[in-house]
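# Structural characterization, general
For reference, the chains in residue letters:
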Amino acid sequence: MTNIKIFQMKHKIGQIDVWWLYDDGGLTLLLPYIINTRRTWSSCKLRVFALANKKNEFDSEQRSMAGLLSKFRIDYSDLKIIPDINRKPLESTKVIFENELQRLKREGDGGDTGVTEIELLSMKDKTNRHLRLRELLLENSKSSTLVVMTLPMPRRNVVSAELYMTWLEVLTKDMPPFLLVRGNQTSVLTFYS
């Protein structure tokens, strides 16, 4: 119940972490900016995390992202480009994922979870990416006041609802209040040149 009241309480200090995983039209950046302009959140700092596309162009990507945020007049305290999203997750993170799948099985009818071994094998890279993202979230945003992240989108008829919801559960488990945002690729941010 305390997490629901977080939007009504004034925050004297804190940070809003924005995880912009891919361009969704800017909604993932716009919402935390608007939240930050409200009196109850105005003293919180905005930190932006983005994923690196290429390892060898890390510095240019950081400058490019800083320029983009500047064009959109989004005031941020820190910008971090994450270069190692495709690294293999730790075994302990894999265990958390397996436990969530088992919990889903127990809470269901005790039978099939809807997640097949074939699906787990075909979605192994995507699962590992989400598990690695969880590790990065814990490392960087565990003590944040609010986390806003681009909602990872499933491909229709490719990933089951059960596997998708397990990914989301693992991403947000034991985290501060979490806002998952999905834009529709229509730009909501404008700038004048």
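Residues numbered from 1 in each chain as written. Predicted model: local features only at pLDDT ≥ 70, side-chain atom pairs only at ≥ 80, totals over all residues. Heavy atoms only, no water.

### Structural notes on the overall build of the protein chain
Convention followed: Only DSSP runs of H or I reaching four residues or more are called helices, and only runs of E reaching two or more are called strands; each is numbered from the N terminus. Burial classes follow relative accessibility: with a 1.4 Å probe on protein chains only, a residue under 20% of its type's maximum area counts as buried, one over 50% as exposed, and anything between as partly exposed.
Within the protein chain one finds six helices and five strands. Each helix and strand of the protein chain, ordered N terminal to C terminal, gives the series β-α-β-α-β-α-α-α-β-α-β. Among the 193 residues that make up the protein chain, the fraction classed as buried is 42%.

### Comments concerning the nonpolar core
Nonpolar side chains tend to gather and get buried jointly when the protein is soluble and globular. Worth spelling out the cut-off: Buried residues of nine kinds, namely Ala, Val, Leu, Ile, Met, Phe, Trp, Tyr and Cys, make up a nonpolar core once their side-chain atoms join them within 4.5 Å. The contact definition used throughout considers only heavy atoms, calling two residues in contact when any of these lie within 4.5 Å.
Judged by nonpolar contacts, the single largest core of 26 residues is most densely connected at Trp19, Phe97, Leu133, Leu137, Met149, Leu163 and Trp167. The set of elements that each furnish at least two residues to this core consists of β2 (45–51), α3 (91–107), α5 (124–141), β4 (146–150) and α6 (161–172). Top element by residues in this core is α6. It accounts for six residues. Each residue touching Leu137, except ones within four places of it in the same chain, is listed here: Trp19, Lys142, Val147, Met149, Leu171, Met175 and Phe178. Of all hydrophobic cores here, the second largest spans 20 residues; its members include Val18, Ala52, Ile74 and Ile81.

### A short note on the confidence of the model for the protein chain
Heads up, the condition is: Each residue carries a pLDDT value, the predictor's own confidence for that position, ranging from 0 to 100.
Chain-level statistics for the protein chain give a pLDDT mean of 84 and a share of 84% at 70 or above. Within the protein chain, the element-level pLDDT minimum falls on helix α2 (residues 58–71), averaging 82, and the maximum on α5, averaging 94.

### Comments concerning the pairing of β4
Selection rule: Two strands make a pair as long as DSSP finds a minimum of two bridges between them. A clockwise course of the path from the first strand over the helix to the second, judged with the strands pointing away from the viewer, identifies a crossover as right-handed.
Judged by how many residues are buried, β4 sits mostly within the fold: five of five residues are covered. Neither face of β4 is left uncovered, since the one carrying Leu146, Val148 and Thr150 and the one carrying Val147 and Met149 both have all their residues buried. Across four bridges, strand β1 (residues 15–20) lies against β4 in parallel orientation. Residue pairing for β4: Asp17 is matched across the bridge by Val147. Examined bridge by bridge, β4 and strand β5 (residues 178–181) share four bridges and lie parallel to one another. What sits directly across from Val147, in β5, is Phe178. Running through α6, the crossover from β4 to the neighbouring parallel element β5 is right-handed.

### What about the side chain of Ser160?
The criterion, for reference: Here a polar contact is recorded for every N or O atom pair within 3.5 Å, except that within protein the pair must consist of a potential hydrogen donor and a potential acceptor, and residues adjacent in sequence are included only if both atoms are side-chain atoms.
With respect to the element layout, Ser160 can be found in the loop between β4 and α6. Its relative accessible area of 15% is what places Ser160 among the buried residues. Here the side chain of Ser160 touches Leu163 through a polar contact of 3.2 Å, landing on its backbone nitrogen. The residues touching Ser160, leaving out its near neighbours within four places in the chain, are Gly114, Val115 and Glu119.

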